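Descriptive analysis of the structure
Each chain is listed here by its residues.
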Amino acid sequence: MRLSDLPTGSEAVVVKILGHGAFRKRVMEMGFVKGRKVKVLLQAPLKDPIKYSILGYEVSLRRSEAHEIEVDPVDMKPQQQETADTNKDTPYCDAKTETCVINVALIGNPNCGKTSLFNIASGAQEHVGNYSGVTVDSKTGHFDYRGYRFNIVDLPGTYSLTSYSPEELYVRKYLQDETPDVIINVVDSSNLERNLYLATELIDMDRSMVIALNMYDELRASHAELDYKALGKMIGVPMVPIVAKTGEGVDELFDAVIDVFEDKHEAVRHIHVYLGSEIEKMLRQLIDAIKENGGVTQHVSPRYLAIKLLEGDKQSEQEVLASDGGQKIIDLRDQLVKDYTDHHNDDDDIESVIAAEKYGFIDGALAETFKSPEKDSMTTTRIIDAFVTNKLFGFPIFFAIMFFIFWATFAIGQYPMDWIDDGVAWLSKMVNRWMPEGVLKDMIADGIIGGVGGVIVFLPNILILYFCISFMEDSGYMARAAFIMDKVMHKIGLHGKSFIPLVMGFGCNVPAIMSARAIESRSSRLITIMINPFMSCSARLPIYVLLIGTFFSEHPTIVFMGLYILGILVAMVTARLLRKFYFKKDETPFVMELPPYRIPTFKASMRHTWAKGEQYLKKMGGIILVASIIVWALNYFPIHDDANYVAETEAISPNDSYLEMAGKVINPVMEPLGFHWRASVAALAGVPAKEIVVSTLGVLYTNDEAVTDQKLGARLEAPNPVTGKPDFTTASALSFLVFILLYCPCIATVTAIAKETHHWGYAAFSVVYNTVVAWILGFIVYQIAILL
Ligand code: GDP
Ligand code: MG
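**Remarks on the packing of helix H30 (residues 730-742) against helix H32 (residues 760-787)**
Between H30 and H32, the shortest axis-to-axis distance is 8 Å and the interhelical angle comes to 160°. With respect to H32, the element H30 is oriented roughly antiparallel. The chirality of how H30 crosses H32 is right-handed. When H30 is examined against H32, the residues Ala731, Ser732, Leu734, Ser735, Val738, Phe739 and Leu742 are found in contact with a partner set consisting of Asn770, Thr771, Val773, Ala774, Trp775, Leu777, Gly778, Val781, Tyr782, Ala785 and Ile786.

**A short note on the sheet that holds strand E4 (residues 57-61)**
Adjacent strands of a sheet form backbone hydrogen bonds with each other and so pair up, either parallel or antiparallel. Overall, antiparallel pairing links the 5 strands, which are arranged E4-E3-E2-E1-E5 in an open sheet. The open sheet has two edge strands, E4 and strand E5 (69-73), and neither has a second partner. Ignoring which end each strand starts from, the neighbouring axes of this sheet average 45° apart. Relative to E4, strand E3 (residues 50-54) runs antiparallel, the two sharing 5 bridges. Bridge pairing in E4 links Lys51 to Ser60.

**So, unusual backbone geometry**
Positive phi, close to 70°, is recorded for Asn111, a residue that is not glycine. Position of Asn111 relative to the elements: it lies in the loop between strand E6 (101-108) and helix H4 (114-122). One non-glycine residue, His223, lies in the positive phi region at around 60°. Inspection of the secondary structure assignment puts His223 in the loop between helix H7 (216-221) and strand E11 (225-226). A relative accessible area of 64% places His223 in the exposed class.

**Re helix H1 (residues 21-29)**
Three or more residues of H1 are buried, namely Phe23, Arg24 and Val27. Looking down the long axis of H1, one finds its buried residues gathered within 100° of arc, a one-sided arrangement. Facing away from the buried side of H1 by over 90 degrees, the exposed positions are Lys25 and Glu29. Buried-residue contacts for H1 involve strand E1 (11-17), helix H2 (63-66) and E5. A positive phi of about 115° marks Gly31, the residue just after H1.

**A short note on the nonpolar core**
Counting 118 residues, the largest nonpolar core has Ile543, Tyr544, Ile548, Phe560, Phe728 and Phe736 as the members making the most contacts within it. Of all hydrophobic cores here, the second largest spans 61 residues; its members include Leu192, Leu309, Val353 and Ile354.

**Description of the environment of Pro719**
Topologically, Pro719 is positioned in the loop between helix H29 (712-717) and H30. In contact with Pro719, not counting residues within four places along its chain, are Gly724, Lys725 and Pro726.

**Topic: the side chain of Thr749**
As for its placement among the helices and strands, Thr749 is situated in helix H31 (residues 747-757). A relative accessible area of 3% means that Thr749 is categorised as buried.

Cut-offs and rules
- Residues numbered from 1 in each chain as written.
- Chains lettered and ligands numbered in written order.
- Predicted model: local features only at pLDDT ≥ 70, side-chain atom pairs only at ≥ 80, totals over all residues.
- Heavy atoms only, no water.
- Axes fitted to C-alpha atoms, helices over the stretch in contact; angles between N-to-C directions.
- Helix = DSSP H or I, 4+ residues; strand = E, 2+ residues; numbered from the N terminus.
- Parallel < 35°, antiparallel > 145°, perpendicular 65-115°, else oblique.
- Left-handed = near helix turned anticlockwise from the far one by under 90°.
- Contact = heavy atoms within 4.5 Å.
- Pairing = 2+ DSSP bridges.
- Buried < 20%, exposed > 50% of the residue type's maximum accessible area, 1.4 Å probe, protein only.
- Arc of directions from axis to C-beta.
- Core = buried A, V, L, I, M, F, W, Y, C linked by side-chain atoms within 4.5 Å.

Keep in mind these numbers describe shape, not what the thing actually does.
So this is what it looks like as structure tokens:
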């Protein structure tokens, strides 16, 4: 009987917990474990929640939650309570009583052999047919095996769990109302791809299940090879090959069912079928809303419900609406769907995108575990994949694409950059000409225009880079890149899945670090987070564009790409070191999704790009503006006489501005890297945000009245009036680039590291380690460069 039906004052022993995995885990953590005694303290017929005492504690459960707990009243079987209490590891099961039952449901596509399996297992003689629609309703059978009584149900065949056909509705209702203990998903092994679609939906449901790979004889006959053990581990569901027609493998299948029922099968792991960043973002919001309204999800997992709602499933909608606060969830769903459809073409509706992503998940899982001599059907996706994931062409294609992106960022970005640059120079000239002399004019001309203006010119480059990254992600190419990178990533102790956060780091490390959440293994996630700052983010781009354009104008793309590659190499070495000395080896296999290719709509790409542009402009008006004014003020005060270049002596003199003093104090540390004190100050100022490095240079190199309308690059190259030499040489520019690439992450990134790792230690480590590495490599690069 169910716990919710137990009257006040009576006692019972917990038999099993129904419902989805997360719910079961939560209830078990409260103490409702198989074999434990529970007493009803207070249960009024209409009262919710109900109070129980378990292990001497008082807990209350909602009535609907208590309904998911099956119990055995103590009074009826007093003798069993002893054994159950003394040894909770022994399954509370005895073949002669009702309580040792495992309810099993057979679910699968039409014609996959469910009825054949049902017959051979239960000894029944249901009609087996080689056409769909033979099983119209469910048949129940029983048999005993290894001390368990199995109640087995043969459900109608269904391709998915939508609510379009009566069969699908029937199966769904059965799963929700009857909550079978273990689901056997029967799969036709000779048609894995289509059959596994249903499995992805059952995975979303987070229910105990085993996959029966039926018709394995046909798979063997076709000379295909399936590493079903690896596949099962990857998707977290045990897989057992069977031939239902002959009974081969059926014992093993039910052995696996028992192991799953007893929570001791090693392959069982709840995974999320990743549905792409856009859908996942919507899901997160919906799941939060669903969790706040706890009443809706004892039967189904919040994730499953959220996916169904996004698909526009009417059945789920009604269920949600019937619960308290359900309207809020539906309103949120409507809002999310509207936002989505506003920005996508009609044929990109959410339901088909989710389906496509699921097939991408299956394709990816099979690509690693399934080899078939049969020719693949020639879909566009397959044809493209034949090239981009090819052993020979995959890498050259990837590098060509990356090269193109860096070239575009640099070369195409040059034109709009020059226009903005001209505009900034013009503005500065106007201010110098028309504003009255004084502190205010100096602040506007040197502090604000010099600083913010110096950075804002790089907006086009950043937008181009973001456009390319979001195009790679949305088109489906990024997943392929991750796929071919899997082997390389394994060499550094990571998984292909870590690759996407790393490429996203080229845009901004903060969202990239957050996206590492998709990596389920903790150690891989932490390593991915820790090495992410070495992925050169777009905030560092202005420094590269400025210095490369000035000092390496002959081969800009090579130097540009070289810096990114250096960052990647340092990341790889760091990952290896972390794996070797800090984290243990991690072997958890993951599915690498291969979603179908899509040409991203111009609208969606522009929207992503513009969102970044907006963020960038906000940063300009906020932290960069403030930092520019502070740097300017520190350089302006204390007001020194006009011969301020006298201060260019090594020793700190009373004529120095605060900034000069600070620069000279830290400069001895940076001098081995060829840094002039202004470079040291710029690097220091860049700690809050890397853009400030350039804005600081902008502020520091404006004092020459005669050349204020000159571009910043030219000002850097101009000889220092005191030393007679330029502050930056090719060698010191290079070491400066390397140092800025690698040193301490910006404050936002450090915070993100602390937040995502739940530990300030990791953030602190990253600050110290990265700075030390930056110094060492900057030193090496400078020493080599001056030799050449
Ligand atoms: P259901 O629609 O899922 O109930 O599938 P059935 O049990 O009615 O089986 C459909 C067809 O597949 C029948 O012709 C079975 O004989 C055949 N079949 C079932 N299991 C196997 C198997 O393991 N190997 C082969 N080769 N055929 C099978
Ligand atoms: Mg059948």
